[in-house]
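# Fold and contact review
One-letter residues, chain by chain:
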Amino acid sequence: MATSAHGRRLDLDGEIDRRLARSGQRWTRGRHAVVDAMKRSVAPMSVTELQAIVGDAVPLSSLYRIISDLVDAKVFIKLEFAEGFARFELDEELAAHHHHLVCHACGVVADLELGDLEVTLDTTAAAIVRTTGFVAQSHRLDFFGLCRNCVSIAS
Ligand SMILES: [Zn+2]
Ligand SMILES: [Zn+2]
C-alpha cells in the first residue's frame, strides 16, 4: 500500500470517496468538516473533542449522525478504551498501522507507531500459530498507564 512520509495513504481522499460511494453516501459540508478534522488529528478523538474542532459548523445532533455514517462507510472506526465513552479514528487501511498509549490519570490518548518492533509482534503471531493453531490476521495492542506529564506529577 502506498503511504506518504507521515504514514497516510497518498490517495486518501480518493479512497474515502470510494468508501462513501460504496455505502451510498455523498460528501456534504458537515462530512467534509468532520473528515478534515480527523485527518489532521494525531490521536483518536471523542465526539466532544471533534465537536470542539468543528464548532458551530456542525450541530451536535448532526455530528453524531455524521460519525455513525462514517463508521458505516468504514471511513472511521470506533475505539473503546474503558473510559466510558467511545473514540474514533480513520480506518487503519486509510491511515498507518499503529498502537495507542492511554493515560489513566489525564485521559490523553496518543498514537504510537512501533517501527521495527512490529517484527517482534509478527514473531509473536508465528509463535501463537505454533502453540494454538490460531492464525492472526491483524492485531491490536494498546498500552495503559501514565503519560510523561502525569508520571512527573506523581513522583
Ligand atoms: Zn496523563
Ligand atoms: Zn502493530
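This write-up is about the structure you can find in this document. Please read these numbers as outputs of a predicted model, since none were measured by experiment.

## Brief notes about the pattern of salt bridges
- Applying the stated criterion to the full structure yields 12 salt bridges.
- The partner of E15 in a salt bridge is R19, with the nearest N and O atoms 2.8 Å apart. Here E15 pairs with R19, and both are found in helix α1 (residues 12-22), just four residues apart, close to one helical turn. With respect to burial, E15 and R19 carry one shared label: buried.
- For D142, the salt bridge identified is with R140, shortest N-O distance 3.3 Å.
- For R140, a relative accessible area of 57% puts it in the exposed group.

## As for the coordination of the zinc ion (ligand 1)
- Listed as protein donors to the zinc ion (ligand 1) are C103 (SG), C106 (SG), C147 (SG) and C150 (SG); their distances from the metal cover 2.2 to 2.3 Å.
- Around the zinc ion (ligand 1), the four donor atoms sit at angles spanning 103 to 115 degrees, and that spread fits a shape best called tetrahedral.

## What about the packing of helix α2 (residues 29-40) against helix α4 (residues 60-72)?
- For the pair α2 and α4, interaxial distance at closest approach is 10 Å and the crossing angle is 70 degrees. Taken as axis vectors, α2 and α4 run roughly perpendicular relative to one another. For the pair α2 and α4, the contacting residues are G30, R31, V34 and V35 in the first and L63, I66, I67, D69 and L70 in the second.
- Among the residues forming the contact of α2 with α4, the class breakdown is six nonpolar, one polar and two charged.

## Topic: the pairing of strand β1 (residues 76-80)
- As paired elements, β1 and strand β2 (residues 86-90) share five bridges and run antiparallel to each other. Opposite F76, over in β2, you have L90 as the bridge partner.
- Where β1 folds back onto β2 in an antiparallel hairpin, the turn is made up of five residues, including A82, whose phi is positive at roughly 55 degrees.

Definitions and cut-offs
Residues numbered from 1 in each chain as written. Chains lettered and ligands numbered in written order. Predicted model: local features only at pLDDT ≥ 70, side-chain atom pairs only at ≥ 80, totals over all residues. Heavy atoms only, no water. Salt bridge = Lys/Arg side-chain N within 4 Å of Asp/Glu carboxyl O. Helix = DSSP H or I, 4+ residues; strand = E, 2+ residues; numbered from the N terminus. Buried < 20%, exposed > 50% of the residue type's maximum accessible area, 1.4 Å probe, protein only. Donors = N, O, S within 2.8 Å, 3.2 Å for Na, K, Ca; no water. Tetrahedral: all angles 85-135°; square planar, octahedral: opposite > 155°, others 65-115°. Axes fitted to C-alpha atoms, helices over the stretch in contact; angles between N-to-C directions. Parallel < 35°, antiparallel > 145°, perpendicular 65-115°, else oblique. Contact = heavy atoms within 4.5 Å. Nonpolar A, V, L, I, M, F, W, Y, C, P; charged D, E, K, R; others polar. Pairing = 2+ DSSP bridges.

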